[in-house]
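Chain by chain, the residues run as shown.
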Amino acid sequence: GQDSVSSKIVGMGTESHDWHLHLAYGQWVALPASGPRPSARYKHAAAVADEKLYITGGTRNGRYLSDIQAFDLRNLTWSAIKVSTEPSADKTENNSSHEGLLPISGHNMIKWGNKLLLLAGHLKNISESVTGLSLQEPFSSWVPFSFESSWSSCVLIPLLVVRFIDLESHLCGVVETSGKVPVARGGQSVSLVGSRLIMFGGEDRQRRLMNDVQVLDLETFTWNVLETMQTPPAPRFDHTTAVHAERYLLVFGGCSHSIFFNDLHVLDLETMEWSQPQIQGDMVTPRAGHAGITIDENWYIVGGGDNRSGSPETLVLNMSKLVLSILTSVKERDPLASEGLSISSASLDGEKLLIAFGGYNGKYNNEVFVMRPKPRDSLNPKIFQSPAAAAAAASVTAAYALTKSGKLDYAEKEDSFKVDLSVETNALREGNKMLESSVAETAAENSVLKAKLDEKNSTYAELSKELHSVQGQLVAERSRCATLEAHIAEIQKMLVSMQSIDEEVKVLRRQKSEFDHDMEVTAVAQRQSSGGVWRWIAG
């Protein structure tokens, strides 16, 4: 399992440079690391260059980071990279060099030559003053948004800045760009197509969402806006993009301020038309803050979430067939089920590896995870791996050569025909075997499906019986309810009768009270009359 592989790597020590050859296919493994670990973070940027994983910026507890970290993929060691700002490239207030990058988050990083290019992202220390200018940003990176009667009332918005890190000289600075420079933003996606960077979407500092397509020519560092046709994706950020066949830009997931997406959109970079093809395969939940990387025709997507829970699946999309599969899943609260993590690809001794770092899922992470993806052939149907196709192609080539050759005598033609016929026969036999194997596999799958269908039918029969029983109980309950309603009606009549009896009782009580009062008055009068007679006799 994952822990045993990690233990094995630890046992080999940092001097063993072939640790990657001991990895199982299709499993994430946490790598041991020596050296000072970088701060845990998310919404950083990552790129691989010269067998090292470079990490820049990110966010932790609301604090934007400005460090540059490197993880050596050979000896599994972390180290901090100290860079100096090139005075001529970063036009700050005093035009002097200083160490480090500006604190930044939500940016992208692309390797280009011996440099790392950092695009877009949000800066923490941009001034919120009336003019909007910051001493930490070059003046050329700001543009008026609207004008009032004076300069003091002018509102400016920042333009996107491209920075660089020279991996040889360890100098960093701002790249001078021209053309239609786009508005600064964060949470956008950036993909490399030849010598062009394609940027899509994002969120600006006023939290405006975008779905524009911007292009930066890395030969001239000139920006341009792509004018597209058909229905584009909804404005979004924290999505991911990939490029297939140097022609198609694929956009997956992301979110607005209230909706999380799991849709796939494709932009044809030749016709400039958007489309939304149907994805085959596994259904996946909406997500944002995920990360993606391509190896050959497969697009690997890891992490993300919906602000309530992280996405535990590692997905692989075959971009040629648009078939989406769940490659593996991790436990809840695993660092790989995080938002704002990064994923990169690396090659060690010809072995392709996926490298994941960071993220947030209720806890900030700083572990390095690695996966050895399955070889390309193992992801294709078996019939495409058969030598029968190659044999058939060879026979076609031989037949073509035979028709072109007019100088062969009859014997040579006959021999060639026999050889060609033998090759075709062998190819057909091999193909027949493959078809028989496919038929057997299909029959086995049908048998399994039939067993499942029988099980479902049995379950359906049991549920039908239970339904009939419940319906009988419901009829009995309805009869009981009718009886209760009749009793209630009788009780209500009795209550009405009791009300009239109560009125009669009240009348009788009132009459009795009056009668008692009259009797008392009569008794008093009699006593008074009797007393007067006795006084007369006595006198």
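Residues numbered from 1 in each chain as written. Predicted model: local features only at pLDDT ≥ 70, side-chain atom pairs only at ≥ 80, totals over all residues. Heavy atoms only, no water.

### Some words on the overall build of the chain
Stage number 1. When you go through the chain residue by residue, the secondary structure sums to three helices and 33 strands.
Stage number 2. Per-residue burial over the chain gives 38% buried out of 539 residues.
Stage number 3. Pairs at least 24 residues apart make up 55% of the contacts formed inside the chain by residues separated by at least 6 positions.
Stage number 4. Approximately 30400 Å² of the chain is accessible, and the part contributed by carbon and sulfur atoms is 55%. (Helix = DSSP H or I, 4+ residues; strand = E, 2+ residues; numbered from the N terminus. Buried < 20%, exposed > 50% of the residue type's maximum accessible area, 1.4 Å probe, protein only. Contact = heavy atoms within 4.5 Å. Areas by Shrake-Rupley, 256 points an atom, 1.4 Å probe, with all protein chains shown as cover.)

### Observations concerning the sheet that holds strand β2 (residues 45–49)
Stage number 1. Sheet architecture is open: four strands sit in the order β2-β3-β6-β7, paired in antiparallel fashion. Looking at strand neighbours, the two that pair on one side only are β2 and β7 (77–80), the edges of this open sheet. Neighbouring strand axes in the sheet, compared pairwise and without regard to direction, differ in orientation by 20 degrees on average.
Stage number 2. Sheet topology note: the strand β6 (residues 68–72)/β7 ladder contains four bridges and is antiparallel. Looking at β7, one finds that F71 is bridged to W78. (Pairing = 2+ DSSP bridges. Axes fitted to C-alpha atoms, helices over the stretch in contact; angles between N-to-C directions.)

### So, the UniProt feature "coiled-coil region" (unreviewed entry) in the chain
Stage number 1. Cross-referencing UniProt, the feature "coiled-coil region" (unreviewed entry) maps to residues 446–473 in the present numbering.
Stage number 2. Across residues 446–473 one finds 100% helix and 0% strand; the C-alpha atoms that close the span lie 40 Å apart. (UniProt positions renumbered as here; feature names shortened; annotations may be inferred.)

### What to know about the pattern of salt bridges
Stage number 1. Across all of its chains, the model carries 18 salt bridges by this definition.
Stage number 2. Across the salt bridge formed by D67 and R41, the nearest N and O atoms sit 2.8 Å from each other. With D67 in the loop between β5 (63–64) and β6 and R41 in the loop between β1 (28–30) and β2, the pair connects residues that are 26 residues apart, well separated along the chain.
Stage number 3. In this structure, D212 and R185 form a salt bridge, with 2.9 Å as the shortest nitrogen-oxygen distance. Of this pair, D212 sits in strand β20 (residues 209–217) while R185 sits in the loop between β17 (178–179) and β18 (189–193), and the two are 27 residues apart along the sequence. (Salt bridge = Lys/Arg side-chain N within 4 Å of Asp/Glu carboxyl O.)

### What about the environment of N262?
Stage number 1. Summarising the element assignment, N262 is placed in the loop between β23 (248–252) and β24 (264–268).
Stage number 2. Beyond its immediate chain neighbours, meaning those up to four positions away, N262 contacts F252, G253, V284, T285 and P286.
Stage number 3. Of the polar contacts made by the side chain of N262, one reaches the backbone oxygen of V284; its length is 2.9 Å. (Polar contact = N/O pair within 3.5 Å; in protein donor to acceptor, adjacent residues only side chain to side chain.)

### A word on the pairing of strand β32 (residues 351–357)
Successive residues of a regular strand alternate their side chains across the two faces of the sheet.
Stage number 1. Across the seven residues that make up β32, a large majority, five, are buried.
Stage number 2. Pairing analysis gives seven bridges linking strand β31 (residues 342–348) to β32, with the strands arranged antiparallel. By the bridge assignment, S345 is partnered in β32 with L354.
Stage number 3. Counted between consecutive antiparallel strands, the loop separating β31 from β32 contains two residues, among which D349 sits at a positive phi close to 55 degrees.
Stage number 4. Direction of pairing for β32 relative to strand β33 (residues 368–371): antiparallel, over a ladder of four bridges. Within the sheet, the bridge partner assigned to I355 lies in β33 and is V370.

### Details of the sheet that holds strand β15 (residues 162–166)
Stage number 1. A sheet is described by the order of its strands in space; here five strands give the open sequence β8-β16-β15-β11-β10, paired in mixed fashion. Every interior strand has two partners, whereas the edge strands, β8 (84–85) and β10 (108–112), have only one.
Stage number 2. Note that strand β11 (residues 115–119) and β15 share five bridges and pair antiparallel. Its bridge partner being in β15, L119 is matched across the sheet by V162.

### Structural notes on the nonpolar core
Stage number 1. Core analysis: the biggest nonpolar cluster contains 18 residues, and W19, F71, I355 and V370 have the highest contact counts within it.
Stage number 2. Mapped onto this core, the elements with two or more residues apiece are β3 (52–56), β31, β32 and β33.
Stage number 3. The element best represented in this core is β32, accounting for three residues. (Core = buried A, V, L, I, M, F, W, Y, C linked by side-chain atoms within 4.5 Å.)

### Re the environment of D212
Stage number 1. For D212 and P182, which are 30 residues apart along the polypeptide, the C-alpha to C-alpha distance reads 9.4 Å.
Stage number 2. Setting aside residues no more than four positions away along its own chain, D212 makes contact with R185, M199, F200 and G201.
Stage number 3. A polar atom in the side chain of D212 sits 2.9 Å from the side chain of R185.
Stage number 4. There is a polar contact of 2.8 Å between the side chain of D212 and the side chain of Q214.

### Here's the deal with the packing of aromatic side chains
Stage number 1. Per the stated rule, a full pass over the model turns up six aromatic pairs.
Stage number 2. Judged by centre distance (4.5 Å) and plane angle (45 degrees), the ring pair of Y360 and Y364 falls under tilted.
Stage number 3. Judged by its relative accessible area of 33%, Y360 falls in the partly exposed class.
Stage number 4. The lysine or arginine in question, R236, covers the ring of F261, its NZ or CZ lying 4.1 Å from the ring centre. (Phe/Tyr/Trp six-rings, centres within 6.5 Å; stacked < 30°, edge-to-face > 60°. Lys NZ or Arg CZ within 6 Å of the ring centre and 35° of its normal.)

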